[in-house]
Amino acid sequence: MNCTIRSLYLCVNDMERAISFYQEFFEQPVTERDSVYSVFNIKEFRLGLFQYQMVNESHIFGSNCLPSIEVESLEVLKNKLSDKKVIFELKQIGSNWVSEFEDSEGNHIEMTTPVI
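Heads up: these notes are all about the structure in this document. (Residues numbered from 1 in each chain as written. Predicted model: local features only at pLDDT ≥ 70, side-chain atom pairs only at ≥ 80, totals over all residues. Heavy atoms only, no water.)

**Comments concerning the pairing of strand S5 (residues 85-93)**
The side chains of a regular strand alternate, first on one face of the sheet and then on the other.
Logical step 1: In terms of strand pairing, S5 meets strand S6 (residues 96-102) through six bridges, oriented antiparallel. Directly across from Lys91, in S6, lies its bridge partner Val98.
Logical step 2: Connecting the antiparallel pair S5 and S6 is a turn made up of two residues, with Gly94 showing a positive phi of about 60 degrees. (Pairing = 2+ DSSP bridges. Helix = DSSP H or I, 4+ residues; strand = E, 2+ residues; numbered from the N terminus.)

Now the structure itself:
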């Protein structure tokens, strides 16, 4: 099979709060802003924010999907975690440092960086 995953979306309760959270986290503005579906373009990947209540859908938060974001160094990883609700404490797993935090909407997000 030859396939590519180019996007993923996270369900949010409050679109403006989620946009603010991810603008601060990614240190860039939202690419497409909408009350139902907003998008951040991260290199060649689209991270969507879906305000599911606007279309009367229900969703479970926290453990139904675990996006993993790799950063360039342990210093950056620690800095990004410093003001977040950490769910999985920083730990070396194989050749990576790994941690998990909760975003403003209750979604769990993993962060990694290679061990140098």
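**Remarks on the packing of aromatic side chains**
Logical step 1: Evaluated as defined, the whole model comprises ten aromatic pairs.
Logical step 2: With a centroid separation of 5.3 Å and 75 degrees between ring planes, the pair formed by Tyr9 and Phe50 is classed as edge-to-face. Taken together, the positions of Tyr9 in strand S1 (residues 7-11) and Phe50 in strand S3 (residues 45-50) put the pair 41 residues apart, joining distant regions of the chain.
Logical step 3: Phe50 gets classed as buried once you look at its relative accessible area, which sits at 9%.
Logical step 4: Look at Phe21 and Tyr22: their rings are 5.0 Å apart centre to centre, the planes differ by 75 degrees, and that puts the pair in the edge-to-face class. (Phe/Tyr/Trp six-rings, centres within 6.5 Å; stacked < 30°, edge-to-face > 60°. Buried < 20%, exposed > 50% of the residue type's maximum accessible area, 1.4 Å probe, protein only.)

**Describing the side chain of Asp103**
Logical step 1: You can see Asp103 is positioned in the loop between S6 and strand S7 (108-114).
Logical step 2: It turns out Asp103 is buried and unbridged, and the closest side chain with the opposite charge, Arg17, is 7.8 Å from it.
Logical step 3: Here Glu105 takes part through its backbone nitrogen, which lies 2.8 Å from a polar atom of the side chain of Asp103.
Logical step 4: With residues near it in sequence (within four places) discarded, Asp103 still touches Leu10, Phe21, Tyr22 and Ile109. (Lys, Arg positive; Asp, Glu negative; His and termini not counted. Salt bridge = Lys/Arg side-chain N within 4 Å of Asp/Glu carboxyl O. Polar contact = N/O pair within 3.5 Å; in protein donor to acceptor, adjacent residues only side chain to side chain. Contact = heavy atoms within 4.5 Å.)

**Some points on unusual backbone geometry**
Logical step 1: Positive phi is not limited to glycine here, since Glu27 has a value of about 60 degrees.
Logical step 2: Looking at the element boundaries, Glu27 is found in the loop between helix H1 (15-26) and strand S2 (37-42).
Logical step 3: A positive phi angle, close to 55 degrees, is found at Asn56, a residue other than glycine.
Logical step 4: Within the secondary structure layout, Asn56 lies in the loop between S3 and strand S4 (68-70).
Logical step 5: Asn56 sits in the exposed class, given a relative accessible area of 72%.

**What about the nonpolar core?**
Within soluble globular proteins, side chains that are nonpolar tend to cluster in buried spots.
Logical step 1: Ranked by size, the top nonpolar core spans 20 residues in total, and within it Tyr22, Phe25, Phe26, Phe40, Leu49, Phe101 and Met111 carry the most contacts.
Logical step 2: For this core, the secondary structure elements donating two or more residues are H1, S3, helix H2 (74-81) and S7.
Logical step 3: Not counting the four nearest positions on each side in its chain, Phe101 is found in contact with Phe21, Phe25, Leu81, Lys84, Lys85, Val86, Ile87, Asn107, His108, Ile109 and Met111. (Core = buried A, V, L, I, M, F, W, Y, C linked by side-chain atoms within 4.5 Å.)

**Some points on the pattern of salt bridges**
Logical step 1: Counted by the stated rule, this structure contains seven salt bridges.
Logical step 2: The partner of Arg33 in a salt bridge is Glu16, and the shortest N-O contact between them spans 2.7 Å. Of this pair, Arg33 sits in the loop between H1 and S2 while Glu16 is found in helix H1, placing the two residues 17 residues apart along the sequence.
Logical step 3: A relative accessible area of 47% places Arg33 in the partly exposed class.
Logical step 4: Since its relative accessible area comes to 46%, Glu16 is described here as partly exposed.
Logical step 5: Between Arg46 and Glu32 there is a salt bridge, with its nearest N and O atoms 2.8 Å apart. Within this pair, whereas Arg46 is found in strand S3, its partner Glu32 is found in the loop between H1 and S2, the two being separated by 14 residues in sequence.
Logical step 6: Given the relative accessible area of 36%, Glu32 is considered partly exposed.

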